[in-house]
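# Survey of secondary and tertiary structure
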Amino acid sequence: MEAAMDIMRRMPPSLSQQALDSLLALLPAHSSELLSRSDQPLQVASDEEFDKHYLLCDYNRDGDSYRSPWSSKYKPELEDGVQPPAELRKLEQEANEVFSIYRDQYYEGGVSSVYVWEPEDGKGFAACVLIKKDGSDAGDGRRGLLQEGSWDAIHVIEVKEDQERQFGHYCLTSTVMLALTTANQATGPFSLSGSITRQMETDLALEHGHLCNMGRLIEEMESKLRNGLDQVYFGKTKEVVFTLREPLGVLTATSHIGQSLQRRIVNDLGRSR
Amino acid sequence: MEDRIQGNLEETEYEELGDDQKVSIGKWFLLNAPPGQVLQVAKDVRELLTDSQLYDRAASEAFPEYNVRSMISLEMPDGSGKVLLTKFGELDRSHFLVPRTASVAVVDHVKQMCTEVRPADDEELPSAYVEGFRFCVDVALLKYVDEAFQGGECSVYCTKGKDLEKSGGEFEVTVVISNSSYSPKNFRGGCWQSVWGVLINEELHSASLQGTISVNAHYFEEGNVQLQSSRAFNDTVLLQDGKDAGTVIVNSIEHLESVFLSNLEEQFANLSDRTFKELRRKLPVTRTLFAWDKALQLSLTREITREFSGNRR
């Protein structure tokens, strides 16, 4: 299992689906662990009754069927499919509405789904918020910049309340997976793909309710992940390329040429004395 | 629900994969190893396949392909430098021509070692005339690679018309530059490969260049992010008497490779403000953080309207 997880971390993120399929074929006895420990791009289904799309994950799955957050019905149909308790279902419906608005404002398109369930220990509740965006030309891209562009965000949040119901304790685990290829024909393909996962835990007052708190945490986390990918991760891949082949003509003290120049100057100075 | 999901999967009867399928999966993982990490992936594959005979089969099929495709270089045991593994120097699966020293390196692909070196036979080498030209390109190339590619390797092969005896004809040399790095403690690795076919027409005093540059970079501290980019180039240069042809050709390569890098830099510069916006904006269209407390109100109003109108959307 450790070897399997190590290999998943090394394979190109753009091939992660194929890598996972291979591991599932190789280690069928570990399939549930493999599936729960490796995140994959989200699949989309449609709820004909509500004429809306929804996303599939382990948390809305029962057997081979997936529950729509809109109608709460399973597809393929399932008579006795698991349903959240009435109170949580109400929260789920509200959350789906609010996160749709959030998604529109940040993503200008895409699909989102929220699923809420009762944890095994019966304390508090748990929810997952899924957002998928296809930013390519063929998808919801607005600027014609991407030939391929997918963003998948998976947020799983566990919520507990204190005894007086004054504070909520939130534990959030978020993963973002993305793959993009720019559409610039002249300069050849330029692709970036990756995934990162982060966790955070915090206590918040319940004055505006759970949904408001969960929303703020997820918004903050998504911005952090986006900036991390943009500023840190992509920046690092650029650094790697520029150390493999130095941009000649740009002299810096740390560059290879810079250093050899420094040595030469030091030598010359030594000789002239 | 969790229990139910796991129950369902575990009840399924597994179909054991055939040996050939296992080998081909192992091979697929090895071939897709990121730059410099094939040995780590090999360790994982060995564990996953559990049967060492199956691993050996996967490795013996994957490594020769991986090594040549990744253009790895291996130290030669006689101390004469490194041999670059490329399809241009591949005499057979385990023998590679080293044009600079006019020798042939024997390679153990799975161990990634050069085990033996012998002098090249006459028929493996170009004519003295073509070799003279190849040599002058190689000298200029070494100088450029030493300046621009820390730890990089390069080679110049005669790929067409190698037996040409005198001036006036057409022949081709292929210039290969390969550089890779892997630093697990800095969580990074990458590779650069450029291949330039240079067709020399002495009657026209010209050389036409056709090249491809490709780069791959991997950063994996608490994540897994990979960059891939490539581009093809064409150019024609004039070879004038009195000017060193090697320098003229290598200058053109250097120029085009700098163009590639500055394009890459532009792409990175556009990422933050333009490209990334297609996926997720930094701020909502409203340019302020999302109003969670109000949104709840909004969705409640929507719901009430919906209940009254009986319209679900």
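That block above? That's the structure.
Quick look at the structure, then. (Residues numbered from 1 in each chain as written. Chains lettered and ligands numbered in written order. Predicted model: local features only at pLDDT ≥ 70, side-chain atom pairs only at ≥ 80, totals over all residues. Heavy atoms only, no water.)

Moving on to the overall build of chain B. Counting its regular elements, chain B contains seven helices and 11 strands. In terms of overall size, chain B is more extended than a compact globule, its C-alpha atoms giving a radius of gyration of 28 Å where 313 residues would be expected to give roughly 20 Å. For chain B, with 313 residues in total, the buried portion stands at 49%. Carbon together with sulfur atoms contributes 49% to the accessible area of chain B, which is approximately 15,700 Å² in total. In chain B, 33 positive and 50 negative side-chain charges are present, and the distance between their average locations comes to 11 Å. (Helix = DSSP H or I, 4+ residues; strand = E, 2+ residues; numbered from the N terminus. Rg over C-alpha atoms; globule rule 2.2 N^0.38 Å. Buried < 20%, exposed > 50% of the residue type's maximum accessible area, 1.4 Å probe, protein only. Areas by Shrake-Rupley, 256 points an atom, 1.4 Å probe, with all protein chains shown as cover. Lys, Arg positive; Asp, Glu negative; His and termini not counted. Charge placed at Lys NZ, Arg CZ, Asp CG, Glu CD.)

All names here are of chain A. Buried residues dominate strand β7 (residues 125–134), accounting for nine of its 10 residues. Note that strand β6 (residues 111–117) and β7 share seven bridges and pair antiparallel. Paired with tyrosine 115 across the bridge in β7 is cysteine 128. Across 10 bridges, the pairing between β7 and strand β8 (residues 146–161) is antiparallel. Counted as the bridge partner of alanine 127 is isoleucine 157 from β8. (Pairing = 2+ DSSP bridges.)

As a further point, take the sheet that holds strand β3 (residues 90–92) of chain B. All names here are of chain B. Ordered by their spatial adjacency, four strands build an open sheet running β3-β4-β5-β6, and the pairing between neighbours is antiparallel. The sheet is open, and its two borders are formed by β3 and β6 (113–119), each paired with just one other strand. Across the sheet, the mean angle separating the axes of adjacent strands is 30° when strand polarity is ignored. Examined bridge by bridge, strand β4 (residues 95–98) and strand β5 (residues 103–108) share four bridges and lie antiparallel to one another. Of the residues in β5, the one forming a bridge with phenylalanine 96 is alanine 105. (Axes fitted to C-alpha atoms, helices over the stretch in contact; angles between N-to-C directions.)

Bringing the environment of glutamate 97 of chain A into the picture now. By the element assignment, glutamate 97 of chain A lies in helix α4 (residues 86–107). In this structure, the C-alpha to C-alpha distance between glutamate 97 of chain A and glycine 135 of chain A, residues 38 residues apart in sequence, is 22 Å.

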